[in-house]
Amino acid sequence: MLILDRLRQSIAVALDKAVKHLSDQGTVDSASSTSDVSGLSQQDLESYAAMVRPTADPRFGDYQANCAMPLAKILGRPPRDIATALVDHLDVTDLCDDVQIAGPGFINLRLKSQFLGDSIAAMLKDDRLGVPLAALPRTVIIDYSSPNVAKPMHVGHIRSTVIGDALARTLRFLGHHVITDNHLGDWGTQFGMVIYGFKHFGDETALQSSPVEELSRLYRLVNRIIEYNAAKSEIESARIAVNDATRMVDVALQAVTDAKEPKEKKSLEKSHASASKKQAAAIEKLDKLESTIANSVEDTGFMQLASQHPGIADAVLNETAKLHEGDAENLALWKRFLPYCRDEIDRVYQRLNVSFDHTLGESFYHEMLGKVVDDLRAAGLASDSEGAVCVFLPEFDAPMIVRKRDGAFLYATTDLATLFYRRDQFGADEILYVVDSRQSEHFDKLFAVARRVGFEDIELIHVNFGTVLGPDGRPFKTRSGSSVGLESLLDEAVARAMAVVCDPERSVRLDPPMDEDEKRQIASVVGHGAIKYADLSHHRTSDYKFDLQKMVSMDGNTSAYIQYAYARVSGIMQKGGVELEAIASFGNAPRLDDPSERALAMTLLKFGESLMQVRAEYAPNFLVDYLYETARAYAVFNENCPVLKAHDDQTTQSRLALVALTARVLRQGLDLLGIQVVARM
RNA sequence: GCCCUCGUAGCUCAGUUGGAUAGAGCGCAGCUUUCCUAAAGCUGAGGCCACAGGUUCGAUCCCUGUCGGGGGUACCA
């Protein structure tokens, strides 16, 4: 059991006794005569016991119990009296040195060194590093990554992939039955684009020799023509929009100048600001269209193609519709192209060291969609509106549309079909959707419909996350406004890591010197780790700025810092000729005389607590914070406590235990984040 | 218009169901290397936790309002 849970349990027992004791004494205060509390329910006891938490300041011990203050009103006693009664009934002699009451009624708990040492010894012997398996294992489906195939993966796919993978690894480690499913977009318009592209611009030889490149070329070409045509047709109205917006700004400004009353003026200033914002947006849109056109006009080859395919956008939609209707030619092309598209994304997953139990894309559910709509209609949930089939929900303004006017289905329909499939085939207790925050309304509706069709017992959770921003604080885009390719970012991260690994200043210190293979290996582990770690180190719901320079930097809270701590630990083990696993059998509890030894031990013992936090909030940044704290605690220890050069063997053995456990915690923790380690760097 | 979300050090970000003097990194000013990797460690300066009310013994956290950023808002996903 985790130390925190043991303390909570002890507090709950003591609290139960204390409350009974206090009520036997009778209440002294007449004001509380209304509350004849003779005991607390089990649930209450647990919630008060849960108010045990690690202290913020080491002066207050290691953990503190904060339940006396909120109980004061309920029990009609001063909080310090309650704390005193609680401490009188508290039996933690095995765990704690002394128990002190401080301030208004904080109960400060300081763990015994002996207990810490014994716990470290037990943790060393445990493959699970003292982390208990879930008492009630659940079947958890995690839906993450879900890129559109036939389109290059971009920076936006990092978050879902990395967060989902970290959650899958962590929940699995905690003993849950985790099923990961990559809900690919493999049935959408992008295939219409590739099919159209192949029919008109395809190169059979190229497709055979390098299919992925050829498909990607076709996608980009068709996409470019569509964007160019759209830009051309929209640019006039965009100019008008800018003019209109500018006029509105002038009008609003004039109104502000003319305003007499301050109150009126303030309101008009607000509309002026709002008009200016609209103007800026209109100008930005126009700029984008203009640059799209400007980037193409000089490319005569492209211009010729574009002029030959004026109706390409509709034609693409037509190809998509034909595919969905089962047109033999398009279906054959889809079946032919899909494996190549899968190879393409699989290559990225391989780089990222991410895998899935299932990859059931949209196409998998295609056959089931009609039935979903029919069932919703039969259940009286769906109805026709403006030609579309809609589910109207009282708690939402807009309906959830499950079938378009033209008969096509939407992702809401697919998501419902997926939900039924997962319930029936996987027996899910819990389904996590690791998807962008912007889709929260979609999931609110989806879950609301699910509750009405028999999903009351399945916990459906939108594990939402924020946007990746560029250096300007706006969504990360290239200068031309397109999204940034994922692979080029990975390449750049690895290249930067390589530059540091090869830094002659430091590589001369390593003996034996690194060969090229080892350097490449290290650069890969450090570079990919950097991008993952940077993503996971932010709370998933925050937006964050993508700053490669900082991510790959070796200073601060980065993966390289943790990996470096691990490498130094490995160096000590190697130099000492000790195997990591062998240290488990030392058996003796380490001595924790130096404050930095005690601090390191204390941190190591909190590994399980950090995982509980990850689990509770589906937020891997708690584990990241923990690992950074551990690496720092180790760095201080490393500074103050020689291991192999300690003054006696006993101390060496004792410290080796801490060193080995640090290595295992860092390695395991990083592994749960999907990040690897190297023996030296 | 309506809904959601965010606002914490110069910058980038943490902050565990409300807890004691709000933390870290970068940057800045210093210090430390006969010692297992200095890709390190230590010290210091730096804060009206956007603002105003409210609830509470106690509010960065909960409620209401204001201001400011981002996102969504009937047939794309």
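Residues numbered from 1 in each chain as written. Chains lettered and ligands numbered in written order. Predicted model: local features only at pLDDT ≥ 70, side-chain atom pairs only at ≥ 80, totals over all residues. Heavy atoms only, no water.

### Some points on the overall build of chain A
Alright, step 1. Looking only at helices and strands, chain A features 26 helices and 13 strands.
Alright, step 2. Its C-alpha atoms put chain A at 85 × 75 × 65 Å along the principal axes.
Alright, step 3. Looking at chain A residue by residue over its 681 residues, the buried ones come to 48%. (Helix = DSSP H or I, 4+ residues; strand = E, 2+ residues; numbered from the N terminus. Buried < 20%, exposed > 50% of the residue type's maximum accessible area, 1.4 Å probe, protein only.)

### Some points on the nonpolar core
Alright, step 1. Ile142, Phe546 and Phe607 are the most contacted members of the largest nonpolar core, which totals 178 residues.
Alright, step 2. Those residues in contact with phenylalanine 546, other than ones at most four positions away along the chain, are Val155, Ile158, Val468, Leu469, Phe476, Leu489, Ile531 and Met551.
Alright, step 3. In this structure, Ala382, Leu393, Leu416 and Tyr421 belong to the second largest nonpolar core, which totals 35 residues. (Core = buried A, V, L, I, M, F, W, Y, C linked by side-chain atoms within 4.5 Å. Contact = heavy atoms within 4.5 Å.)

### Here's the deal with the sheet that holds strand β10 (residues 430–436)
Alright, step 1. On the basis of which strands lie adjacent, the open sheet formed by four strands has the order β6-β5-β10-β11 and parallel pairing. At either end of the open sheet lies a strand with only one pairing partner, and these are β6 (177–181) and β11 (459–465). Going from strand to strand, the sheet's axes swing by 20 degrees on average, the running direction of each strand aside.
Alright, step 2. Two strands pair when backbone bridges link them, and strand β5 (residues 139–143) and β10 are joined in this way by four bridges, in the parallel orientation. Bridge pairing in β10 places valine 140 opposite glutamate 430. (Pairing = 2+ DSSP bridges. Axes fitted to C-alpha atoms, helices over the stretch in contact; angles between N-to-C directions.)

### A closer look at the protein's contact with RNA strand B
Alright, step 1. Looking at RNA strand B, there are 69 residues lining it, with Arg59, Asn108, Lys404, Arg506 and Tyr564 nearest.
Alright, step 2. Sugar plus phosphate, as a fraction of atoms of RNA strand B within 4 Å of the protein: 58%.
Alright, step 3. Within the side chain of lysine 73, an N or O atom sits 2.4 Å from a phosphate oxygen of RNA strand B.
Alright, step 4. At 2.8 Å, a backbone N or O of methionine 681 approaches a base nitrogen of RNA strand B.
Alright, step 5. Among the secondary structure elements, those contributing two or more residues to the surface near RNA strand B are α3 (68–75), β4 (106–111), α10 (262–297), β8 (388–391), β13 (544–545), α22 (559–575) and α25 (621–640).
Alright, step 6. Examining the composition of the surface near RNA strand B, we find that nine residues originate from one element, α25, more than from any other. (Near = heavy atom within 4 Å. Polar contact = N/O pair within 3.5 Å; in protein donor to acceptor, adjacent residues only side chain to side chain.)

### Here we look at unusual backbone geometry
Alright, step 1. Phi is positive for serine 146, close to 40 degrees, though the residue is something other than glycine.
Alright, step 2. Position of serine 146 among the secondary structure elements: in the loop between β5 and α6 (156–173).
Alright, step 3. Even without being a glycine, asparagine 353 presents a positive backbone phi close to 60 degrees.
Alright, step 4. When you line up the elements, asparagine 353 lands in the loop between α13 (328–352) and α14 (362–365).
Alright, step 5. The exposure class of asparagine 353 is partly exposed, given its relative accessible area of 34%.

### Describing the side chain of arginine 615
Alright, step 1. Mapped onto the fold, arginine 615 is located in helix α24 (residues 607–617).
Alright, step 2. Excluding residues within four positions of it along the chain, arginine 615 makes contact with Arg138, Leu171, Leu174, His176 and Glu430.

### A few points about the packing of aromatic side chains
Geometry of an aromatic ring pair is reported as the spacing of the ring centres plus the angle between the planes.
Alright, step 1. Across all of its chains, the model carries 19 aromatic pairs by this definition.
Alright, step 2. When the ring of tyrosine 421 is compared with that of phenylalanine 426, the centres are 5.9 Å apart and the planes differ by 90 degrees; the resulting orientation is edge-to-face.
Alright, step 3. In textbook terms, an aromatic cluster arises when at least three aromatic residues are bridged by ring pairs, as seen for Phe364, Tyr365, Tyr421 and Phe426.
Alright, step 4. Sitting over the ring of phenylalanine 455, arginine 423 keeps its end group 4.5 Å from the ring centre.
Alright, step 5. The ring of tyrosine 63 has lysine 606 lying over it, and the distance from NZ or CZ to the ring centre is 5.4 Å. (Phe/Tyr/Trp six-rings, centres within 6.5 Å; stacked < 30°, edge-to-face > 60°. Lys NZ or Arg CZ within 6 Å of the ring centre and 35° of its normal.)

### Describing the pattern of salt bridges
Alright, step 1. Enumeration according to the criterion identifies 40 salt bridges in this entry.
Alright, step 2. Among the salt bridges present, the one from arginine 347 reaches glutamate 487, with a minimum N-O distance of 2.3 Å. Here glutamate 487 lies in helix α18 (residues 486–501) and arginine 347 lies in helix α13, a separation of 140 residues in the sequence.
Alright, step 3. Salt-bridge contacts for glutamate 441 lead to lysine 445; the nearest nitrogen and oxygen are separated by 3.9 Å. Pair noted here: glutamate 441 and lysine 445 are both in helix α17 (residues 440–452), with a separation of four residues, about one helical turn.
Alright, step 4. In this structure glutamate 441 comes out as partly exposed when scored by relative accessible area, which is 47%.
Alright, step 5. Taken together, the shared-partner salt bridges in this structure form one network comprising Glu344, Arg347, Arg351, Glu487 and Asp491. (Salt bridge = Lys/Arg side-chain N within 4 Å of Asp/Glu carboxyl O.)

### Overview of the domain arrangement of chain A
Alright, step 1. For chain A, the assigned domains read domain 1 (3–111), domain 2 (190–335) and domain 3 (486–672).
Alright, step 2. Each of domain 1 and domain 2 was reduced to a C-alpha centroid, and the two centroids are 64 Å apart. (Domains from an automatic or database assignment.)

### Describing helix α1 (residues 3–25)
Alright, step 1. Under the 1.5 Å per step criterion, the end-to-end length of α1 is 33 Å for 23 residues, consistent within 8% with the ideal 33 Å.
Alright, step 2. Restricting attention to buried positions, one finds in α1 the residues Ile3, Leu4, Leu7, Ser10, Ile11, Ala12, Ala14, Leu15, Ala18, Val19 and Leu22. (Expected span 1.5 Å × (residues − 1).)

### With respect to the side chain of threonine 170
Alright, step 1. Locating threonine 170 in the fold gives a position in helix α6.
Alright, step 2. Classification of threonine 170 as buried rests on a relative accessible area of 1%.
Alright, step 3. One polar contact links the side chain of threonine 170 to the main-chain carbonyl oxygen of alanine 166, over a distance of 2.7 Å.
Alright, step 4. Ignoring anything within four residues of it in the chain, the contact list for threonine 170 reads Leu611, Val614 and Leu672.

### Structural notes on the pairing of β5
Alright, step 1. The element β5 is extensively covered by neighbouring structure, given that five of its five residues are classed as buried.
Alright, step 2. Across the two faces of β5 the burial is the same, with Thr139, Ile141 and Asp143 and Val140 and Ile142 all buried.
Alright, step 3. The sheet contact formed by β5 and β6 spans five bridges and is parallel. The residue of β6 that forms the bridge with isoleucine 142 is threonine 180.
Alright, step 4. Taken together, β5, α6 and β6 form a β-α-β motif whose crossover is right-handed. (Right-handed = clockwise from strand over helix to strand, strands pointing away.)

### Re helix α26 (residues 649–672)
Alright, step 1. The end-to-end C-alpha separation of α26 is 34 Å, in line with the 34 Å expected for 24 residues at 1.5 Å each.
Alright, step 2. Taking the backbone nitrogen of glutamine 650 as reference, a side-chain oxygen 3.1 Å away marks aspartate 648 as the first, capping residue of α26.
Alright, step 3. Following α26 by one or two positions, glycine 674 adopts a phi angle in the positive range, close to 80 degrees.

### Some remarks on the sheet that holds strand β3 (residues 96–102)
Alright, step 1. Here we have four strands laid out as an open sheet, ordered β1-β2-β4-β3, and antiparallel in their pairing. Two strands lie at the open edges of the sheet, namely β1 (52–54) and β3, each paired on one side alone. Strand-to-strand twist in this sheet, taken as the mean axis angle between neighbours without regard to direction, amounts to 25 degrees.
Alright, step 2. Against the sheet, helix α4 (residues 79–88) makes contact with β3 and β4, and its axis sits at roughly 165 degrees relative to β3, the strand it touches most.

### Remarks on the environment of alanine 134
Alright, step 1. In this structure, alanine 134 sits in the loop between α5 (113–125) and β5.
Alright, step 2. Counting along the chain gives 72 residues from alanine 134 to aspartate 62, while the straight-line C-alpha distance between them is 25 Å.
Alright, step 3. If near-sequence neighbours (up to four positions away) are discounted, alanine 134 is found in contact with Leu174 and His176.

### Some thoughts on the state of the cysteines
Alright, step 1. Considering all chains together, one arrives at zero disulfides under this definition.
Alright, step 2. Cysteine 96 supplies the cysteine sulfur nearest to cysteine 67, a cysteine that is in no disulfide, at a spacing of 14 Å.
Alright, step 3. When its relative accessible area of 1% is taken as the criterion, cysteine 67 is described as buried. (Disulfide = S-S within 2.5 Å.)

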